[in-house]
Amino acid sequence: MANAIKAALDGWRDDPAVRLVIIDAEGDRAFCAGGDIAAVYHAEVVAHRVGEPFGTLVLAVAVTVIEVALIVSVMVSAPAEKAGVARDTIFAAVMIVCNGIVGLCLLWGGARHHEQGFQVYGASAALAVLAALTTLTMILPNVATTVPGPLFNTAQLVFAGAASLLLYGSFVFIQTVRHRDYFLPVANSGDEEAHAAPPSNKTALLSAGLLLAALVAVVGLAKALTPTLEMGVDRFALPQSTVGIVIATLVLLPEALAALRAARANRLQTSLNLALGSALASIGLTIPVVAAVSIAVRQPLELGLGAKEQVLLARAAWRRYGKGRHPAGHMPPPGRSPFDSKRKPR
């Protein structure tokens, strides 16, 4: 089918009589190929126009919108059976980012360039906020005594959602305003790829509109994906946490490719901004939304991890935080920290 569509499009490309092509289905069902890829592509165009570190922030938010849409669609379809899908998805996203994307970027970039520079204080700030968010949302529910099980009561759920949003907003402020220089690429990184000229304002605005349209399409089709995904899990007798792993993998795939491209081009700081920014947005923006949905539909929301998952999370956090403070990174002037004021001491 894809080859037939490509052949038809190639034939119409040079036909002056063809001004617009609309693809529709003959029956009551249609298809959508690459809706999330299209959203991330247009987000990259907007990101290239606004520059770093705002560009990686645009990508992280766009990807998180898709993730939230998939999680909410699964939650609403089966409230009782899918009470832990948000936890499974967020946990999978954190593990994929910390142990997968970051590790592959370091490996690929190191094998190609042998030594790469990055801003240690920027990476450490991101990892510190990530540790606080994971502890608040996935560890604390297990020790809350008001409700039995890995659950928050309504008041605690409101607090967790508000605190997650506040922590993420504080990090965004640090990244884009207070200490923006801690998240910019190292000056002597030796980028091997020539940067294309930023797109025009008209192109950026067009991509912004198409980005919104792609996100709306993905949100609308998320509900159509849910039954197929659940059917596959039931058919192969897979654990219910597989749903969260699949969602996290699909959502993070485009951003993982962008991070690997940046590492290959000797832009390790951009890779870390993409990877860690995705993990932070996955928690800081997802938890408030799913908490609000849970309260609105009176559906239980399981957030606490099991003992095995807590050990894996602690191990991943220790490894990444230890690596982020390695002196091989690019250090700011002595006496400065990511949360210090820029005013000089008297």
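Above this text sits the structure in question.
Residues numbered from 1 in each chain as written. Predicted model: local features only at pLDDT ≥ 70, side-chain atom pairs only at ≥ 80, totals over all residues. Heavy atoms only, no water.

Caption draft 1: Molecular detail of the nonpolar core. Core analysis: the biggest nonpolar cluster contains 78 residues, and Val-97, Ile-101, Ile-247 and Leu-280 have the highest contact counts within it. The element that contributes the greatest number of residues to this core is helix H4 (residues 85-113), accounting for 13 residues. The contact partners of Leu-280, leaving out residues within four places of it in the chain, are Ala-126, Val-129, Leu-130, Leu-133, Tyr-168, Phe-171 and Leu-285. (Core = buried A, V, L, I, M, F, W, Y, C linked by side-chain atoms within 4.5 Å. Buried < 20%, exposed > 50% of the residue type's maximum accessible area, 1.4 Å probe, protein only. Helix = DSSP H or I, 4+ residues; strand = E, 2+ residues; numbered from the N terminus. Contact = heavy atoms within 4.5 Å.)

Caption draft 2: A look at the packing of helix H6 (residues 154-178) against helix H10 (residues 286-297). It is the contact of H6 with H10, at a shortest axis distance of 8 Å, that shows an interaxial angle of 155 degrees. Accordingly, the angle class assigned to the pair H6 and H10 is roughly antiparallel. Every pair of crossing elements has a handedness; the one defined by H6 and H10 is left-handed. Judged by residue contacts, Thr-154, Leu-157, Val-158, Ala-160, Gly-161, Ser-164 and Leu-165 of H6 engage Ile-287, Pro-288, Ala-291, Ser-294 and Ile-295 from H10. (Axes fitted to C-alpha atoms, helices over the stretch in contact; angles between N-to-C directions. Parallel < 35°, antiparallel > 145°, perpendicular 65-115°, else oblique. Left-handed = near helix turned anticlockwise from the far one by under 90°.)

Caption draft 3: Layout of the side chain of Ser-207. Here Ser-207 shows up in helix H7 (residues 201-235). Not counting the four nearest positions on each side in its chain, Ser-207 is found in contact with His-42, Val-45 and Val-46.

Caption draft 4: Here's a closer look at the environment of Phe-91. Tracing the sequence through the fold places Phe-91 in helix H4. Assessed through its relative accessible area of 13%, Phe-91 is described here as buried. Along the sequence, Phe-91 and Ser-241 sit 150 residues apart, while their C-alpha atoms lie 9.9 Å from each other. Sequence-distant contacts of Phe-91, defined by excluding residues within four places in its chain, comprise Met-138, Leu-305, Glu-309, Leu-312 and Leu-313.

Caption draft 5: How the structure looks around unusual backbone geometry. With phi around 70 degrees, His-114 is a residue other than glycine that occupies positive phi space. Relative to the helices and strands, His-114 resides in the loop between H4 and helix H5 (120-143). The class for His-114 is exposed, based on a relative accessible area of 71%.

Caption draft 6: Expanded view of the environment of Leu-252. Along the chain, Leu-252 turns up in helix H8 (residues 241-264). Under the relative-accessibility criterion, Leu-252 is labelled buried at 6%. When the C-alpha atoms of Leu-252 and Ala-60 are compared, they prove to be 9.5 Å apart, with 192 residues separating the residues in sequence. Filtering out sequence-adjacent residues up to four positions away, Leu-252 remains in contact with Ala-93, Ile-96, Val-97, Ile-101 and Ser-278.

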